[in-house]
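# Coordinates in review
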Amino acid sequence: MKKSMIDILACPVDKHYPLELFELDVLAQDNQIDEAIINEGLLFCNECLRYYPIIDEIPMMLPDELRERQTDINFLQKWKSKIPDKVIRHGNPWHM
């Protein structure tokens, strides 16, 4: 995901804007546009406390009923040391 996409993304549940971005694994700078490419990261809605993982440059912004609990928990465990406590302890739809 190009970092500038944060400017156009809103929470699909409550439409809150802007989302908070946590960069967990940045691939490289795209020198043509001087922009970071985020390989893995996390988008967070401060309104409804939902988080959306970024995996392989793709923001996974699915509704709760289409999300896989174990996939999200594995993501949180993998990046636990870099993800803020508010997501780890209180993030929706599930947390650790």
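Up top you'll find the structure we're talking about.
Residues numbered from 1 in each chain as written. Predicted model: local features only at pLDDT ≥ 70, side-chain atom pairs only at ≥ 80, totals over all residues. Heavy atoms only, no water.

## Digging into the nonpolar core
- Ranked by size, the top nonpolar core spans 13 residues in total, and within it Leu42, Tyr51, Phe75, Leu76, Ile83 and Val87 carry the most contacts.
- Contributions of two or more residues to this core are made by strand E1 (20-30), strand E2 (35-44), helix H1 (69-78) and helix H2 (85-90).
- In terms of residue count, the dominant contributor to this core is H1 (3 residues).
- In this structure leucine 76 touches Tyr51, Ile83, Val87, Ile88, Trp94, His95 and Met96, once residues within four positions along its chain are discounted.
- Formed by 12 residues, the second largest nonpolar core is a distinct cluster that contains Met1, Ile38, Cys45 and Ile54. (Core = buried A, V, L, I, M, F, W, Y, C linked by side-chain atoms within 4.5 Å. Buried < 20%, exposed > 50% of the residue type's maximum accessible area, 1.4 Å probe, protein only. Helix = DSSP H or I, 4+ residues; strand = E, 2+ residues; numbered from the N terminus. Contact = heavy atoms within 4.5 Å.)

## Some points on unusual backbone geometry
- Looking along the chain, the bond that leaves tyrosine 17 and enters proline 18 is cis, with omega of 0°.
- Mapped onto the secondary structure, proline 18 falls in the segment before E1.
- Following asparagine 92, the chain continues into proline 93 via a peptide bond in cis, with omega recorded as 10°.
- Inspection of the secondary structure puts proline 93 in the segment after H2.
- Here leucine 49, not a glycine, exhibits a phi torsion of approximately 65°, which is positive.
- Looking at where leucine 49 falls in the secondary structure, it is placed in the loop between E2 and strand E3 (51-55).
- Overall, the relative accessible area of 34% leaves leucine 49 in the partly exposed class.
- Positive phi values are uncommon outside glycine, yet aspartate 56 reaches one of about 50°.

## Some thoughts on H1
- Where H1 is concerned, the buried positions are Asp72, Ile73, Phe75 and Leu76. Buried residues in H1, looked at end-on, bunch into an arc of 155°, giving them a common side. The exposed residues of H1 that point more than 90 degrees off its buried face are Gln70 and Lys78. (Arc of directions from axis to C-beta.)

## Description of the pairing of E3
- For E3, the buried fraction is high: 4 of the 5 residues fall into the buried class.
- Examined bridge by bridge, E2 and E3 share 4 bridges and lie antiparallel to one another. Of the residues in E3, the one forming a bridge with leucine 42 is proline 53.
- Here 2 bridges tie E3 to strand E4 (residues 58-59), and the two strands are oriented antiparallel to one another. If you follow isoleucine 54 over to E4, its bridge partner there is proline 59. (Pairing = 2+ DSSP bridges.)

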